[in-house]
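Next come the chains, spelled out residue by residue.
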Amino acid sequence: MALSTQVMTDEQRKAVALEYLKRLDRGDDFFDLFADDAQVYFPKWGVANGADEIKRLFADVGGILAAIEHDYAYLNFAYNGDLLVVEGTSSGRTASGAEWRAGVTHAGRWCDVFEIRDFEIQRLFVYLDPDYADADTARYPWLAGS
């Protein structure tokens, strides 16, 4: 078996990540952007390994969301080889009707760490507070006044 790799620029990695976010926002299929053996981490879900587990992760997370929109004008990008870190904000609505917006509610700030090689997402680790509906604020005393 011969292994080959395609050299990618930072802008090409950025284009793959943006395509993933745009498809996510539109509700379009994005699984073809992932390598067959990719890994995805989502808080409170864990690490999904491979296509089947990744599809299950997104089905589970998608089941609690009715809509999501990333704020593309305010994204920050950091590059290091195959790694691309994207920091941003979002807004949306949960399946139960609760709305969130970064800067207005507690949810909506996020950071994704991508590893993109050969024009495929090899690894995506998502860092955010998955409490989109602010249902778990009572445990945090500093939120009592907000």
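A brief structural summary.

Reading the values: rules and limits
- Residues numbered from 1 in each chain as written.
- Predicted model: local features only at pLDDT ≥ 70, side-chain atom pairs only at ≥ 80, totals over all residues.
- Heavy atoms only, no water.
- Helix = DSSP H or I, 4+ residues; strand = E, 2+ residues; numbered from the N terminus.
- Polar contact = N/O pair within 3.5 Å; in protein donor to acceptor, adjacent residues only side chain to side chain.
- Contact = heavy atoms within 4.5 Å.
- Phe/Tyr/Trp six-rings, centres within 6.5 Å; stacked < 30°, edge-to-face > 60°.
- Buried < 20%, exposed > 50% of the residue type's maximum accessible area, 1.4 Å probe, protein only.
- Expected span 1.5 Å × (residues − 1).
- Arc of directions from axis to C-beta.

## Let's talk about the side chain of Thr89
If you trace the backbone, Thr89 turns up in strand β5 (residues 83-94). Within the structure, the side chain of Thr89 is placed 2.6 Å from the side chain of Asp71, a separation counted as a polar contact. Setting aside chain neighbours within four positions, we find Thr89 in contact with Glu69, His70, Asp71, Ala102, Gly108, Arg109 and Trp110.

## Some remarks on the packing of aromatic side chains
A complete count under the given rule lists 13 aromatic pairs for this structure. Judged by centre distance (6.0 Å) and plane angle (90°), the rings of Tyr20 and Phe34 are edge-to-face. Residue Tyr20 is found in helix α1 (residues 10-26), and its partner Phe34 is found in strand β1 (residues 34-42); the two are separated by 14 residues along the sequence. On the basis of relative accessibility, which here comes to 2%, the residue Tyr20 falls in the buried class. Residue classification places Phe34 among the buried residues on the basis of a relative accessible area of 5%. These aromatic residues form a ring-pair network of at least three members: Tyr20, Phe30, Phe31, Phe34, Phe58 and Phe114.

## Looking at helix α2 (residues 50-62)
Look at α2: 18 Å from first C-alpha to last across 13 residues, which is about the 18 Å you get at 1.5 Å a residue. Listing the buried residues of α2 in full gives Gly50, Ile54, Leu57, Phe58 and Val61. When α2 is viewed along its axis, its buried side chains cluster within an angular range of 90° and face the same direction. α2 presents Asp52 and Ala59 as exposed residues on the side facing more than 90 degrees away from its buried surface. Of the surrounding secondary structure, the elements contacted by the buried residues of α2 are α1, β1, β2 (46-49) and β3 (65-70).

## Side note on the side chain of Asp112
With respect to the helices and strands, Asp112 occurs in strand β7 (residues 109-117). Excluding anything up to four places from it in sequence, Asp112 contacts Tyr20, Leu21, Leu84, Val85, Val86, Leu124, Phe125, Val126 and Tyr127.

In short, the description is geometric, and any link to function would need to be established separately.
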